[in-house]
Protein chains: 2
Amino acid sequence: MRQKLNIGLFGYGVVGESLYHVLKHSKTVDASVCKICVKDKDKKRSLTQDKFTYDKEDIINNKDINLVVELIDDADEAYDIVKSCLENQKSVVSGNKKMLAHHLNELIELQEQTGASLLYDASACGSIPIIRNIEEYYDNDLLKSVTGILNGSSNYILSKIFNENSDYDSALKKAQQLGFAESNPSLDVDGFDSLYKLIIIATHALGTFVNPDKVFNYGISNIQESDIRFATEKGFKIKLVAQLIKLDDNSFTMFVIPRLVKPEKYIYNVEDEYNGVVIQGEFYDKQFMFGKGAGGFPTGSAVLSDITACSHNYKYEYKKQKYFKQLEYRADHEIEIYLRYNSIVDFSLFEFSCISEKYSGKDYSYVIGKIKLSNLLKLKVVLPKLNIFLCYIRN
Amino acid sequence: MRQKLNIGLFGYGVVGESLYHVLKHSKTVDASVCKICVKDKDKKRSLTQDKFTYDKEDIINNKDINLVVELIDDADEAYDIVKSCLENQKSVVSGNKKMLAHHLNELIELQEQTGASLLYDASACGSIPIIRNIEEYYDNDLLKSVTGILNGSSNYILSKIFNENSDYDSALKKAQQLGFAESNPSLDVDGFDSLYKLIIIATHALGTFVNPDKVFNYGISNIQESDIRFATEKGFKIKLVAQLIKLDDNSFTMFVIPRLVKPEKYIYNVEDEYNGVVIQGEFYDKQFMFGKGAGGFPTGSAVLSDITACSHNYKYEYKKQKYFKQLEYRADHEIEIYLRYNSIVDFSLFEFSCISEKYSGKDYSYVIGKIKLSNLLKLKVVLPKLNIFLCYIRN
């Protein structure tokens, strides 16, 4: 049973404009964009003026509109919009991972109360249908871990560095020129974007919503020549990896951190703006999904898939939350890290539980040791400001 | 809303037995296997006698059973079982690709009439949820092609040949020992298994069911040392590839044939019993899904996902068939092939439209030329019996 969709669109940036064009090409959904709400009155647009409004109420209170597609940058504003729409029984498609990672639990409740649907597969891995697969297919309790490159922009930068000997700054600039990077690059390169996606994935994969503040994320903005050399000499690449691991029947952990990746790993060959996710289960072993994780058209087409799903009245069921004992999130899990430093560092800060290797040289020094995630978490705000680089080696 | 499932199981081979164990470990579904129908009364079983029956009516007419899982080898018998179950309003999960590839259209109609559901994601790529993804996610009309290694057994054989210098016969024996091969190896190595899966995929991807007899399939059983050398000297591997290609807005083609694969291709690194599928769309570009395609546990867990879906009352919607103009299947598409021969061959048989390369040597000879699929199709039964080898080079 298909429903005719009259869409109200918030935002007309790279993804919004791509979506408009993807929608025009699609004969799949019986959908038309009625109104587009934007902020900037002076910006030149590719459509005629009458398509646009600057007042969000024109969409939220428009009775003809039965689906809202929210594609704006500002997470707080996005939250207000999504909340108001659901309260008005309007279904919503959103791509705003930051907003979702902070309010998902509440928005799940609001869906329950109002019956309206909120879909956001486009928020997690661009064109890879990761949420829907976890929700619909890998929905048995055999899941052991999800490991992924979830941020196209930082992966693009690392690819340029490791494959083309580019330096960090020019690689970042290139990513921004190509439209892969978020408007605030720190979201990408410091691992926040990956973290937000991981929070969303965990909510579906294990049924537990965790506030992003409670999860350790660390990015690639401090990477140096010496770190790159350390990795390449060993035949590794460095990738920014998000991971959730089921620790036992009752608990799990998760984190985002750059990682030394061996050539045998599936994610080793995930390059440029691509994302790749490995889902590991007890019986199906490993599943690997791979696709474009950034850029207007891949994300636009992911939004389109969410829209199509809406036209078929699809809703996430949040099966893990509803039908299972929720797993407890734990940050006391220990990981082994490489920590590079250039000047003297107070190691007592880190509370390593043991150190297995130490190297000191004229240009740089490093230690390799085991540390609890909870210790790293305490330093989450400080770490990016220190002239050091952390990299996951193994559990 | 979850439904308690009382399962009647047909077949207790590798997959059936794995499923039984996977089900025992799963707390996801409220399901128990009430009865298992098997053929051989004398075979030793790992369960007590009272679980088994030898009369299919004990399951079909059992009012307590609300889901039938069909995992037997015989396609005709499987068809009778599935048909009777659907007619009795019992939902069915099946892994029988041969049966589905021959009767899917009819079984779609029967589902419509009776309201019972038939799920068969496990039939297509072992643990990769390809049908459900095509049905639910890549369900817009932007799909351009699906290209995949769909048969784990023949891929295992080719991996042993290309990576470990194994010969064909010992690689086949190894695959059989590991339980990857179908009981009749020709199904795997001559491309029938891949063909059946392709037929199922096409029905969901494009909405058009095509009788398998009308589609060209050719396998790897005639591969020789000279073919392997021809490929490796050029830096290629040979893979058995199934492909469907949308030709224009109205038509598509499909075929199964060994293929020279360059290292840049995603499927180049799909080795051993793994399957890999590339879905290409106009806007999301390429998506790659990868996972175990053979073996009891991966297939058992895929069947489990179908069972879980049934407990949530999931049904395939066959959206492409319902909501779109069906595309016409065409076999007049031209492909370029390598044809190796050892003794004199009557080339007029093949009706090449042009030949671009010819090589003749003491041990073997080959031609490279363009040929219509329809011409190959006429020779479908004869080709495997000739001492030649065909390999797709490019469109």
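The text that follows walks through the structure, step by step, so that each part is easy to find. (Residues numbered from 1 in each chain as written. Chains lettered and ligands numbered in written order. Predicted model: local features only at pLDDT ≥ 70, side-chain atom pairs only at ≥ 80, totals over all residues. Heavy atoms only, no water.)

A few points about helix α12 (residues 296–311) of chain A
All names here are of chain A.
Line of reasoning, step 1. In this model α12 runs 22 Å from its N-terminal to its C-terminal C-alpha over 16 residues, within 8% of the 22 Å that 1.5 Å per residue would give.
Line of reasoning, step 2. Within α12, 15 of the 16 residues are buried, which leaves the element mostly enclosed by the surrounding structure.
Line of reasoning, step 3. Phi for Asn-313, located one or two positions after α12, is positive at around 60°. (Helix = DSSP H or I, 4+ residues; strand = E, 2+ residues; numbered from the N terminus. Expected span 1.5 Å × (residues − 1). Buried < 20%, exposed > 50% of the residue type's maximum accessible area, 1.4 Å probe, protein only.)

Here's the deal with the interface of chain B and chain A
Line of reasoning, step 1. Facing 47 residues of chain B, the contacting portion of chain A comprises 47 residues.
Line of reasoning, step 2. Of the roughly 4,100 Å² buried between chain B and chain A on both sides combined, carbon and sulfur atoms contribute 51%.
Line of reasoning, step 3. On the chain B side of the contact with chain A, Tyr-137, Phe-283 and Phe-290 of chain B bury the most area, a combined 18% of that side's loss.
Line of reasoning, step 4. At the junction of chain B with chain A, the criterion picks out 2 salt bridges.
Line of reasoning, step 5. Summed over the shared surface of chain B and chain A, the number is 7 residue pairs in polar contact (both at pLDDT 80 or more).
Line of reasoning, step 6. If you list the elements that add at least two residues to the side of chain B that touches chain A, you get α1 (14–25), α6 (130–136), β12 (285–292), α12 (296–311) and α13 (319–323) of chain B.
Line of reasoning, step 7. Counting residues per element, the side of chain B that touches chain A draws most heavily on β12 of chain B, at 8 residues.
Line of reasoning, step 8. Sheet topology places strand β12 (residues 285–292) of chain A next to β12 of chain B; 4 bridges connect them, and they run antiparallel. (Contact = heavy atoms within 4.5 Å. Buried area = accessible area lost by both parts, 1.4 Å probe. Salt bridge = Lys/Arg side-chain N within 4 Å of Asp/Glu carboxyl O. Polar contact = N/O pair within 3.5 Å; in protein donor to acceptor, adjacent residues only side chain to side chain. Pairing = 2+ DSSP bridges.)

Section: empty space enclosed by the protein
Line of reasoning, step 1. This structure, assessed with the given rule, holds 2 cavities of 30 Å³ or more.
Line of reasoning, step 2. Approximately 90 Å³ is the volume found for the largest cavity.
Line of reasoning, step 3. Every residue lining the largest cavity is listed: Pro-129, Arg-132, Asn-133, Glu-136 and Tyr-137 of chain A together with Pro-129, Arg-132, Asn-133, Glu-136 and Tyr-137 of chain B.
Line of reasoning, step 4. Of the residues belonging to the lining of the largest cavity, the class tally is 4 nonpolar, 2 polar and 4 charged. (1 Å grid on protein atoms, 1.4 Å probe; cavity = no way out; pocket = protein on both sides within 12 Å on 5 of 7 lines; lining within 4 Å. Points joined across faces, edges and corners; volume = space filled by probe spheres on them. Nonpolar A, V, L, I, M, F, W, Y, C, P; charged D, E, K, R; others polar.)

Here's the deal with the relation of the copies chain B and chain A
Line of reasoning, step 1. Least-squares fitting of chain B to chain A yields an RMSD of 0.0 Å, with the superposition described by an axial translation of 0.0 Å and a rotation of 180°. Here the two chains are linked by the operation of a two-fold rotation axis. Among all C-alpha atoms of chain B, that of Met-289 of chain B lies closest to the rotation axis, at 2.3 Å.
Line of reasoning, step 2. Residue by residue, 100% of the interface of chain B is reproduced at the interface of chain A, so both copies engage with the same surface. (Least-squares fit on C-alpha atoms with pLDDT ≥ 70 in both.)

Overview of the sheet that holds strand β4 (residues 67–70) of chain B
Note on sheets: strands pair through backbone hydrogen bonds, and any given pair is parallel or antiparallel.
All names here are of chain B.
Line of reasoning, step 1. Ordered in space as β3-β2-β1-β4-β5-β6, the 6 strands form an open sheet in which the pairing is parallel. The open sheet has two edge strands, β3 (52–53) and β6 (118–119), and neither has a second partner.
Line of reasoning, step 2. As paired strands, β4 and strand β5 (residues 91–94) are joined by 4 bridges and run parallel to one another. Residue Val-68 lies in a different strand from β5, and its bridge partner there is Val-92.
Line of reasoning, step 3. Contacts from α12 reach β1 (5–10), β4, β5 and β6, with the element oriented near 165° to β5. (Axes fitted to C-alpha atoms, helices over the stretch in contact; angles between N-to-C directions.)

Thoughts on the pairing of strand β16 (residues 365–372) of chain B
Residues and elements named next belong to chain B.
Line of reasoning, step 1. Among the 8 residues in β16, 6 count as buried, and that is most of the element.
Line of reasoning, step 2. One ladder, built from 8 bridges, connects strand β14 (residues 334–341) with β16; its direction is antiparallel. Note that in β16 the partner of Tyr-341 across the bridge is Ser-365.
Line of reasoning, step 3. Sheet analysis places strand β15 (residues 354–360) next to β16, joined by 6 bridges and oriented antiparallel. Along β16, the bridge assignment pairs Ile-355 with Gly-369.
Line of reasoning, step 4. Where β15 folds back on β16, the antiparallel hairpin that results is connected by 4 residues.

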